[in-house]
Amino acid sequence: MTLLAAKGFEETTADEIAQVAGVSRRTLFRYFPTKADIVTAWAQQMTDVLRAHINNSLPGTSPRAMLYSALEAVVPYMARTRSEAYAFVYLIERTPALLPVSLRKYAQWEDSLADALSHHLTNQPDNILAARVAARSGIAAFRTAIDEWIRLKGRPPLVPIIRKVAALQASILEGG
């Protein structure tokens, strides 16, 4: 991911990735059939974090609090530093060839969040639909926060932007 972010997705060869990883090209392609699969594997880790965070939420926690807490919990898993996280996010969100990977990542996040939330929304008459609405709303806010972070060139921390967008979303949807 560091090499892809630094050099560019299209400009980085599989041979360069294999060299940095310390494996042969053949081994690289055994684990990652395409360069995009490397990015997909990176995103899968965050899908797991989201699900675990919701599953480990304390009883009585509001669905909104669970959702936004889970989305914030993803941030430290993006990379070791803010600048590296920004580079990875920028790569995925602004590389046309990676648009399908980005959309697939968000769809996986929505499905994972919805499944986990549905177990906490048992008081809802249609808890599965309610969980899907909540998950998709949360991901829409997260994506908006990512767009704002990119607009700000990754200078401020991401979590306060997520919180600002979540507060705006709540205010707007509640009619205030």
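Data block above holds the structure.
Residues numbered from 1 in each chain as written. Predicted model: local features only at pLDDT ≥ 70, side-chain atom pairs only at ≥ 80, totals over all residues. Heavy atoms only, no water.

### Some remarks on the packing of aromatic side chains
Alright, step 1. As enumerated under the stated definition, the model contains four aromatic pairs in all.
Alright, step 2. Connected via pairs of aromatic rings, a cluster forms that spans Y86, Y90 and W149.
Alright, step 3. Here the basic side chain of K35 rests over the ring of F9, its NZ or CZ set 4.7 Å away from the ring centre. (Phe/Tyr/Trp six-rings, centres within 6.5 Å; stacked < 30°, edge-to-face > 60°. Lys NZ or Arg CZ within 6 Å of the ring centre and 35° of its normal.)

### A look at the packing of helix α6 (residues 82–94) against helix α8 (residues 127–151)
Alright, step 1. For the pair α6 and α8, interaxial distance at closest approach is 10 Å and the crossing angle is 110 degrees. The orientation of α6 relative to α8 falls into the category roughly perpendicular. With respect to the hand of their crossing, α6 and α8 are arranged in left-handed fashion. Every residue of α8 that contacts α6 at R82, A85, Y86, V89, Y90, E93 and R94 is listed here: I146, D147, W149 and I150.
Alright, step 2. Looking at the contact of α6 with α8, its residues break down into seven nonpolar, no polar and four charged. (Axes fitted to C-alpha atoms, helices over the stretch in contact; angles between N-to-C directions. Helix = DSSP H or I, 4+ residues; strand = E, 2+ residues; numbered from the N terminus. Parallel < 35°, antiparallel > 145°, perpendicular 65-115°, else oblique. Left-handed = near helix turned anticlockwise from the far one by under 90°. Contact = heavy atoms within 4.5 Å. Nonpolar A, V, L, I, M, F, W, Y, C, P; charged D, E, K, R; others polar.)

### Some remarks on the pattern of salt bridges
Opposite charge on two side chains permits pairing when their charged atoms draw close.
Alright, step 1. Here the structure, examined in full by the defined rule, presents nine salt bridges.
Alright, step 2. The closest approach of N and O atoms between D15 and R25, which form a salt bridge, is 3.2 Å. Placement of D15 in helix α2 (residues 14–21) and of R25 in helix α3 (residues 25–31) is noted, with a sequence separation of 10 residues between them.
Alright, step 3. By relative accessible area, which is 42% here, R25 ends up partly exposed.
Alright, step 4. Note that R80 and E84 form a salt bridge whose closest N and O atoms lie 3.1 Å from each other.
Alright, step 5. Taking relative accessible area as the criterion, R80 reaches 74% and is therefore assigned exposed.
Alright, step 6. What makes E84 buried here is its relative accessible area of 14%. (Salt bridge = Lys/Arg side-chain N within 4 Å of Asp/Glu carboxyl O. Buried < 20%, exposed > 50% of the residue type's maximum accessible area, 1.4 Å probe, protein only.)

### Comments concerning the nonpolar core
Alright, step 1. Counting 56 residues, the largest nonpolar core has M78, L113 and I146 as the members making the most contacts within it.
Alright, step 2. Listed by contribution, the elements that provide at least two residues to this core are α2, α4 (35–55), α5 (63–78), α6, α7 (99–118), α8 and α9 (158–173). (Core = buried A, V, L, I, M, F, W, Y, C linked by side-chain atoms within 4.5 Å.)

### Details of the packing of α5 against α7
Alright, step 1. At their nearest, the axes of α5 and α7 sit 11 Å apart, and the two run at 140 degrees to each other. As judged from the angle between their axes, α5 and α7 are oblique. Here α5 runs over α7; the crossing is right-handed. Counting all contacts with α5, which are made through P63, M66, L67, A70, L71 and V74, the residues of α7 involved are W109, L113 and L117.
Alright, step 2. Classifying every residue of the contact of α5 with α7 gives nine nonpolar, no polar and no charged.

### Some details on a nonpolar patch on the surface
Alright, step 1. A cluster of nonpolar side chains, namely L168, I172 and L173, defines an oily patch on the protein surface of about 340 Å² accessible area.
Alright, step 2. Structurally, L168 can be placed in helix α9. (Patch = residues over 30% accessible without salt bridge, like charges linked within 9 Å, V, L, I, M, F, W, Y side chains within 5 Å. Areas by Shrake-Rupley, 256 points an atom, 1.4 Å probe, with all protein chains shown as cover.)

Scope: geometric values only; no functional claims are made or implied.
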